[in-house]
Amino acid sequence: MPSKKVIRILLALVAILFVTQSLVGITWGLPTRAIDRFLFGDGPVWTGEKILALARAEDKFSKNQGADVDADPLQHSRDQGVSLTDSDEDIAKIYLRYRLYTYQPDEMITMMALRSMSPGKLDFDPRLYQYGGLFIYPVGAAIQLAGWLGFIDVRSDVVYYLDHPEEFGKFYVVARAYSAAWGLLGVFVVFALARKIAGAWPAILASFLFAVLPVVVCMAHEGKPHLPGAVLMLLAVLFAMRHAQRDPANPQSDERTIGDEATSRSNDFWFMCISCGAALGMVLSSWPIFIVIPLTAWLTRPSMASFLRSTIAGSMFAVGVYLATNPYILINALTNRDVLRSNFGNSLAMYQISRLGEGFIRVIELTTEGATLPVLLLGTVSALFAFRNRVALILFIPAVVFFLQFVFIGAGKPAEYGRFGIFTNTALCIGASCLIAHPRLRVPLLARCTLGGILLVCVGAFGFRYVANFHADSSGQGTRMRIAQAIGESIADTSPRMSISVRAEPAPYSLPPLDFQHVNVLLAPHAMNPVNVEQSEDGARFHIRSVDRTRDEDVDTPIELSPSRQTPISWANKPFVVSVENVRPAKAAGASKSQHD
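The rules we used
Residues numbered from 1 in each chain as written. Predicted model: local features only at pLDDT ≥ 70, side-chain atom pairs only at ≥ 80, totals over all residues. Heavy atoms only, no water. Helix = DSSP H or I, 4+ residues; strand = E, 2+ residues; numbered from the N terminus. Buried < 20%, exposed > 50% of the residue type's maximum accessible area, 1.4 Å probe, protein only. Contact = heavy atoms within 4.5 Å. Areas by Shrake-Rupley, 256 points an atom, 1.4 Å probe, with all protein chains shown as cover. Pairing = 2+ DSSP bridges. Core = buried A, V, L, I, M, F, W, Y, C linked by side-chain atoms within 4.5 Å. Expected span 1.5 Å × (residues − 1). Arc of directions from axis to C-beta.

**Brief notes about the overall build of the protein**
Phase 1 of the analysis: Secondary structure summary: the protein contains 22 helices and seven strands in total.
Phase 2 of the analysis: Scored against the burial criterion, the 597 residues of the protein give a buried share of 55%.
Phase 3 of the analysis: Counting only contacts in the protein whose residues sit at least 6 apart along the sequence, the fraction spanning at least 24 positions is 78%.
Phase 4 of the analysis: Of the roughly 26,100 Å² that the protein leaves accessible, carbon and sulfur atoms contribute 61%.

Written out as structure tokens, the structure reads:
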């Protein structure tokens, strides 16, 4: 058993490791004027006022529409392509995204939610509810605090940020730092959980593994609520374990006076409920953690009536915490149901229960990527033995529920959906640590230390890939910048225009910055052969066709840019495969015309 001093030193080292790797690359993929040379070529740079006026962005906010809902969606058939650069208005919408969005497609919706509020009118409705008030409001408050301290120029002038995108990029850094701060807390929560199950050494190993777990490293670099939500769920499990261990019927119960014992157990139960409600208030996908309430009540029940009372009272209390942190759910349910339907409808459209077998296989793949194969295998073995330890059950039963939730919606999902497995991955991480380093394991200490070291190096190597790719993008050496340079040279040498087929509207996360005034961007029809245009977890693939009237032969020049270490769950340093073709004029007769020709 390590001394308290040794434990503190090792935990401090884990905390330093986590903070250091979270700061490395925290500025990845932020909006910047450095890409103007790609967006505008040798032509004049558009002002923020011109971009805003032509994009008509100010007309897109509606009190009856979710903050993440496209107010002006493209009207086109899924079987027919459509040109996205036919007019200055179309191009301005693209430029606006490159000036305000990041490489992560979901980070912007938090800023949209903050933009939809009117604090001066006491309107704090974010119109975004899958990300909860415990994420949106603290991020907004932190941004405002940074403004008061002079770190950020905070103002309501969108034109200013279009002209100074680096200043707007600082908003994202604040959101990412908020997520990383919760991850740091998670290091200590994971230590406490593993210590409850198997002791100090397994707990130290678990905290190290958590700090370098690929999915944790990824989510600590993104301004999204999934890591904070996972930490709150782990807190709920920790309080539930404390409540169960203090049960007088449990032989592991602490020896205290009856009065103090009852008070401590009661406090732990209500703190568990608060954590459940807070997790839901952080991100809506945390709802399965509510199973901890009846599970804990069942494990510590003196009678069936007591179980029912505890379950109902605890669940109602947790729901109250959720509504307290998300008051506009209740307010809009009574006064403006349209905005609820808009936001929830937009979210539910992305998640459909189907093809469970395919979903199971996909979730195993994403768990292997997010936690690594050794953690998946060892953690699963540990979970199978959890039924012998009711304290461990409180961790693994919710983990199984989250796994099943992921399976239901996992079929066909891209790798970025690995973020939904963060709680399950952490449970597997704790289980693997407890299995290897448990003091009751009949394996020589040297063998256990060796196995733990190998596991830590393996997981750390995969986690380092994510850190390296975030750093590549933050330093301007990522694949997007390199492919933009390569395509930019092709645009300059092309006459009259280059045509590019894509599956999604151009944005920093889906397409490198290009001179869109001199490129005809075509939204590919749904039926187009995916060989020609593809955006998948392996990267973004684009089929680029240019017209060269000086030549009479076809030339296919593939450009392949791929990082040495791919990180599917994140959007950092994504691999690109681009095919540039020069085709005879007759084959380009169907190309879309533009006023910029």
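**A word on the pairing of strand β2 (residues 498-502)**
Phase 1 of the analysis: Burial runs high along β2: five of the five residues are buried.
Phase 2 of the analysis: Burial along β2 is two-sided: Met498, Ile500 and Val502 and Ser499 and Ser501, pointing in opposite directions, are all buried.
Phase 3 of the analysis: Note: β2 against strand β3 (residues 519-523), five bridges, orientation parallel. For Val502, the partnering residue across the bridge sits in β3 and is Leu523.

**A closer look at the nonpolar core**
Phase 1 of the analysis: Leu100, Val237, Ile289, Leu395, Phe423, Ile430 and Phe516 are the most contacted members of the largest nonpolar core, which totals 156 residues.
Phase 2 of the analysis: Sorting elements by how many residues they give to this core places helix α8 (residues 165-198) first, with 16 residues.
Phase 3 of the analysis: Once you skip the residues sitting within four places of it in the chain, Leu395 turns out to touch Ile197, Leu234, Val237, Met241, Phe423, Ala427 and Ile430.
Phase 4 of the analysis: Grouped together as the second largest cluster of nonpolar side chains are eight residues, Leu366, Ala415, Tyr417 and Phe420 included.

**Topic: helix α16 (residues 337-348)**
One turn of an α-helix holds 3.6 residues; hence residues three or four places apart share an orientation.
Phase 1 of the analysis: Look at α16: 16 Å from first C-alpha to last across 12 residues, which is about the 16 Å you get at 1.5 Å a residue.
Phase 2 of the analysis: Taken together, the buried positions of α16 are occupied by Val339, Leu340, Ser342, Asn343 and Ser347. All buried residues of α16 lie within an arc of 165 degrees about the axis, which places them on one face of the element. Exposed residues pointing more than 90 degrees away from the buried face of α16 are listed as Arg337, Arg341 and Leu348.
Phase 3 of the analysis: Where the residues of α16 are buried, they touch α15 (327-335).

Purely geometric stuff here, so don't read any function into it on its own.
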